[in-house]
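The lines below spell out each chain.
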Amino acid sequence: MPSLTQSMVAPALNTVFSLGRGNAKIKPSLIMVNNVLGLQDAIITVLDTFLPSASHGTPAPIPWLIPRLGINVSMAACVSMRDELKDVMILGVLSLLIGTADANCIVTVAWDFQ
Amino acid sequence: MIELKPTPLATVSPGVPKLLQEGYYVRFTEAWPATHSAVRGKLFQIAETNPVPYDVFHTLPTNDYRDVDLSNSAGGENLYPTNVNELYEVLLGFKPGNYLTQIFIPAGEALSRLGEASMNPSPTSATLRYLGARKPEDSPYDDKRIFMYFVKDLEPLILRLLVDTGIDFEKCVLGFTVNKCRLSHVAAPNDEQMRKAKVIRYYSELRW
């Protein structure tokens, strides 16, 4: 089960945790948001980015970016999620987006491939 | 040439190999057309095998579908043999998800349909999309139960992947095991060989 810890420093960009795998979905197993030293509340969105295959109804598909989970973590708090993630599946790239970039907000994500 | 093996009700020990093995016999029925004269009505012994795993995957939007051609034609997945003395035993299993699979051979002709003219699978129908549809749990990725048998130049077999409603997108992951079998013709088979042989039927025999 891979995991990765990153600072949420990229404001307009997604912080990518896993590029995913063609023949599997990503199942996040742990998200820990350490905002103890954060300068403000952290508003984080778990994003799923992928390019669908051509289909009968959409022969020329475009990339999609779908929010799969929203997390608000107060300043000076640390939140860990496991059970809440059991029904969250990512079809493509797993990334996180923070409302306001903050180098002191540290996020750890662990995941499996299914 | 297409089988859905049910969940076993009993187990035997020692276990029986799931795939065709070296030394096994296969017999093609007389229903195979003249275009397949290399195998029609003949019995073969399997000289050697080589199982090759392969995955095909597509992310599709809700209530939409895509046809996956397993043949060697342009745009196909190229899972058919290229020599007349080869038989490909192809196992198919699905990773879990909210999707259905219809089987067509050749294109446009559903393998599973009923006698009444309107009872043909249709992806645009709220009810007929479920007619003959295989769900992922029918043939799990790690316990494949759909067996297909391909020879050179067999008509294209199409898998129609339909993402059912109630979800935005679904990733459909098809797991294949292509058991490459090299065939050795038995010119004068005896009764014992005929009795032991696995019968490979033409698709027209399955769709009655």
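Okay, so let's go over this structure. Along each chain, the written sequence defines residue order, and numbers are assigned to residues from 1. The lettering of chains begins at A and the numbering of ligands begins at 1, in the order of writing. Given that the model is predicted, a residue must reach a pLDDT of at least 70 before its local features are reported, and side-chain atom pairs must reach 80 or more before they are shown or counted; all residues, however, enter totals for whole chains, interfaces and linings. Note that the side-chain values use all heavy atoms of the structure and ignore hydrogens as well as water.

**Considering the overall build of chain B**
Logical step 1: Each helix is a run of DSSP H or I of at least 4 residues and each strand a run of E of at least 2, with the numbering of both proceeding from the N terminus. From N to C terminus, chain B includes two helices and ten strands.
Logical step 2: Of the regular secondary structure in chain B, the N- to C-terminal order runs β-β-β-β-β-β-β-β-β-α-β-α.
Logical step 3: If one aligns the C-alpha atoms of chain B with their principal axes, the spans along those axes are about 55 × 40 × 35 Å.
Logical step 4: When each of the 208 residues of chain B is scored for burial, the buried share is 47%.
Logical step 5: Contacts are assigned to residue pairs that have any heavy atoms within 4.5 Å of one another. Long-range pairs, those at least 24 residues apart, make up 79% of the contacts in chain B with a sequence separation of at least 6.
Logical step 6: To measure how exposed things are, a 1.4 Å probe is used in the Shrake-Rupley method; for residues, cover is taken only from the protein chains shown. Here chain B displays about 10100 Å² of accessible surface, and carbon together with sulfur accounts for 52% of that area.
Logical step 7: Counting 23 positive and 25 negative side-chain charges, chain B places the centres of these two groups 3 Å from one another. The buried label goes to any residue with under 20% of its type's maximum accessible area, the exposed label to any with over 50%, and the partly exposed label to all in between, with areas taken from a 1.4 Å probe on protein chains only. For the purpose of charge, His is not counted, nor are the chain termini; Lys and Arg are scored as positive and Asp and Glu as negative. We put the charge of a Lys on NZ, of an Arg on CZ, of an Asp on CG and of a Glu on CD.

**Describing the sheet that holds strand β8 (residues 158-163) of chain B**
Two orientations exist for strands paired in a sheet by backbone hydrogen bonds: parallel and antiparallel.
Residues and elements named next belong to chain B.
Logical step 1: Read from one edge to the other, the open sheet built from three strands follows the order β4-β8-β6, with strand pairing classed as antiparallel. Two strands close off the open sheet at either side, each with one partner strand: β4 (65-69) and β6 (99-104). Neighbour-to-neighbour, the strand axes of this sheet turn through a mean angle of 20°, independent of strand direction. Strand pairing is assigned whenever DSSP detects at least two bridges linking the two strands. Angles run from 0 to 180 degrees between N-to-C directions of axes, and those axes are lines fitted to C-alpha atoms, restricted for helices to the stretch in contact.

**What to know about the side chain of Ser125 of chain B**
Residues and elements named next belong to chain B.
Logical step 1: Within the secondary structure, Ser125 sits in the loop between β6 and β7 (146-150).
Logical step 2: Look at Ser125 and you get buried, because its relative accessible area is 16%.
Logical step 3: A distance of 2.9 Å separates a polar atom in the side chain of Ser125 from the backbone nitrogen of Leu128. Polar contact is the term for a pair of N or O atoms within 3.5 Å; when the atoms are in protein, one must be able to donate a hydrogen and the other to accept it, and sequence-neighboring residues count only if both atoms are side-chain atoms.

**Some words on unusual backbone geometry**
Logical step 1: Cis geometry marks the peptide bond from Ile105 of chain B to Pro106 of chain B, where omega comes out at -15°.
Logical step 2: As for its placement among the helices and strands, Pro106 of chain B is situated in the loop between β6 and β7.
Logical step 3: Non-glycine residue Ala76 of chain A carries a positive phi angle of around 70°.
Logical step 4: Residue placement: Ala76 of chain A occurs in the loop between β5 (64-73) and β6 (78-81).
Logical step 5: On the accessibility criterion, Ala76 of chain A (55% relative accessible area) is exposed.
Logical step 6: Phi is positive for Asn63 of chain B, which is not a glycine, with a value near 55°.

**Remarks on the sheet that holds strand β2 (residues 25-28) of chain B**
Residues and elements named next belong to chain B.
Logical step 1: Across the sheet, seven strands lie side by side as β1-β7-β5-β9-β3-β2-β10; this open sheet has mixed pairing. Single-partner strands in this sheet number two, and they are β1 (2-4) and β10 (198-200). Within this sheet the neighbouring strands show an average axis-to-axis angle of 30°, counted without direction.
Logical step 2: Summarising the sheet, strand β5 (residues 86-94) and β7 pair through five bridges and their orientation is antiparallel. If you follow Tyr88 over to β7, its bridge partner there is Phe150.

**Quick notes on the packing of aromatic side chains**
All names here are of chain B.
Logical step 1: Each Phe, Tyr or Trp ring, with Trp reduced to its six-membered ring, pairs with another whose centre is within 6.5 Å; inter-plane angles below 30 degrees give stacked pairs, above 60 give edge-to-face pairs, and intermediate values give tilted ones. Counted by the stated rule, this structure contains eight aromatic pairs over all chains.
Logical step 2: Judged by centre distance (5.4 Å) and plane angle (80°), the ring pair of Phe28 and Trp32 falls under edge-to-face. Considered together, Phe28 and Trp32 belong to a single accessibility category, that of buried residues.
Logical step 3: For the pair Tyr202 and Tyr203, a centre-to-centre distance of 4.4 Å together with 35° between the ring planes defines the contact as tilted. For the residue pair Tyr202 and Tyr203, the accessibility class agrees, reading buried in each case.
Logical step 4: Taken together, the ring pairs in this structure connect Phe28, Trp32, Phe44, Tyr202 and Tyr203 into an aromatic cluster.
Logical step 5: Should the NZ of a Lys or the CZ of an Arg lie within 6 Å of a ring centre and within 35 degrees of the ring normal, that charge is described as sitting over the ring. The ring of Phe104 has Arg160 sitting right over it, with the charged end atom 4.7 Å from the ring centre.

**Things to note about the environment of Asn190 of chain B**
All names here are of chain B.
Logical step 1: Of note, Asn190 is situated in the loop between β9 (169-185) and α1 (191-196).
Logical step 2: Classification of Asn190 as partly exposed rests on a relative accessible area of 39%.
Logical step 3: Within the structure, Asn190 has its side chain in polar contact with the backbone nitrogen of Gln193 (distance 2.7 Å).

**A few points about the interface of chain A and chain B**
Logical step 1: Counting residues at the interface gives 18 residues for chain A and 18 residues for chain B.
Logical step 2: For any pair of parts, buried area is found by adding up, for both, the accessible area (1.4 Å probe) each one loses once the two are put together. Both faces considered, chain A and chain B share a buried interface measuring about 1400 Å² in area, 51% of it formed by carbon and sulfur atoms.
Logical step 3: Note that Lys25 of chain A is salt-bridged to Glu170 of chain B, the shortest N-O span being 2.6 Å.
Logical step 4: Remark: the boundary between chain A and chain B carries 15 residue pairs in polar contact (both at pLDDT 80 or more).
Logical step 5: Broken down by element, the residue count for the side of chain A that touches chain B peaks at three residues, all from β5 of chain A.
Logical step 6: Residue polarity is assigned by list, with Asp, Glu, Lys and Arg as charged and Ala, Val, Leu, Ile, Met, Phe, Trp, Tyr, Cys and Pro as nonpolar; anything else, Gly included, falls into the polar class. In the side of chain A that touches chain B, the residues fall into seven nonpolar, eight polar and three charged. Any Lys or Arg side-chain nitrogen located within 4 Å of an Asp or Glu carboxyl oxygen qualifies as a salt bridge.

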